[in-house]
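# Commentary on secondary and tertiary structure
Residues per chain, in single letters:
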Amino acid sequence: MEEKKILIIEDQRESIESAFAFANAIGFQDRLDFTYVPRSQDIDFENLSNTYDLIFVDITLAERSQMNGFGIIRHILEHDHFPQERIVILTGNSKIAEGLRQNGIPENIETVYKPVTFRQLIPIIQRLLS
């Protein structure tokens, strides 16, 4: 497998970084290249499709982010910056479907619930990158 680039939009990197690192080592022979971004204003929306193969978006970002995860996903989809089927939501919120509906976002976006483990990530990443 050639190297794949994955954008992870998460303001609490330390809470998920080890799961992604283990998934990379165990499931992908370290062929995944992760970029972590803590705030919406750090995202280069115009070049998402040219730069990344997969995007993980935390729904609840810190107040210093201009957009929360719902806003980021809505912006990406409304402006056709990245395909919906390669976006994954990271959340600890059990009512995510309601939040997606309220924000006008399709409910069939892949979702990973926190705390996330490498065992959850490996099959999702394999499927979405194949």
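Okay, so let's go over this structure.

Calculation notes
Residues numbered from 1 in each chain as written. Predicted model: local features only at pLDDT ≥ 70, side-chain atom pairs only at ≥ 80, totals over all residues. Heavy atoms only, no water. Helix = DSSP H or I, 4+ residues; strand = E, 2+ residues; numbered from the N terminus. Buried < 20%, exposed > 50% of the residue type's maximum accessible area, 1.4 Å probe, protein only. Contact = heavy atoms within 4.5 Å. Expected span 1.5 Å × (residues − 1). Pairing = 2+ DSSP bridges. Axes fitted to C-alpha atoms, helices over the stretch in contact; angles between N-to-C directions. Right-handed = clockwise from strand over helix to strand, strands pointing away.

### Some thoughts on the environment of Met-67
For Met-67, the location among the structural elements is in the loop between β3 (54–58) and α3 (69–78). Under the relative-accessibility criterion, Met-67 is labelled partly exposed at 25%. Taking the C-alpha atoms as reference, Met-67 lies 28 Å from Ile-122; in sequence the two are 55 residues apart. For Met-67, the residues in contact, after removing those within four places along its chain, are Ser-40, Phe-45, Leu-61, Ile-72 and His-75.

### Examining helix α5 (residues 118–129)
Taking 1.5 Å per residue, 12 residues should reach 16 Å; α5 reaches 16 Å between its end C-alpha atoms and fits that length. Those residues of α5 that fall on the buried side of the exposure criterion are Leu-121, Ile-122, Ile-124, Ile-125, Leu-128 and Leu-129. Close packing links the buried residues of α5 with β1 (4–9), α1 (17–28), β2 (32–37), β3, β4 (87–91) and β5 (110–113).

### A closer look at the sheet that holds β4
Sheet strands line up and pair through hydrogen bonds in the backbone, either parallel or antiparallel. The parallel open sheet is built from five strands, whose spatial order is β2-β1-β3-β4-β5. Strands at the two margins of the open sheet, each flanked by one partner only, are β2 and β5. When strand polarity is set aside, the average angle formed by the axes of neighbouring strands in this sheet is 20 degrees. Contacting β1, β2 and β3, α1 runs over the sheet at an angle of about 170 degrees to β2. The sheet contacts of α3 involve β1, β3 and β4, and relative to β3 the element is tilted by about 145 degrees.

### Some points on the pairing of β4
Along any regular strand, the residues point their side chains to alternate faces of the sheet. By the criterion of burial, β4 is predominantly enclosed, with five of the five residues buried. Side chains Ile-87, Ile-89 and Thr-91 of β4 all project onto a buried face; the interleaved residues Val-88 and Leu-90 project onto the opposite face, where all are buried too. Of the strand pairs in this sheet, β3 and β4 are connected by four bridges, and their pairing is parallel. Looking across to β4, one finds that Val-57 is bridged to Ile-89. Traced from β3 through α3 to β4, the parallel crossover comes out right-handed. Taken together, the four bridges between β4 and β5 define a ladder with parallel strand orientation. Residue pairing for β5: Leu-90 is matched across the bridge by Val-112. For the crossover that starts at β4, traverses helix α4 (residues 96–102) and ends in the parallel β5, the hand is right-handed.

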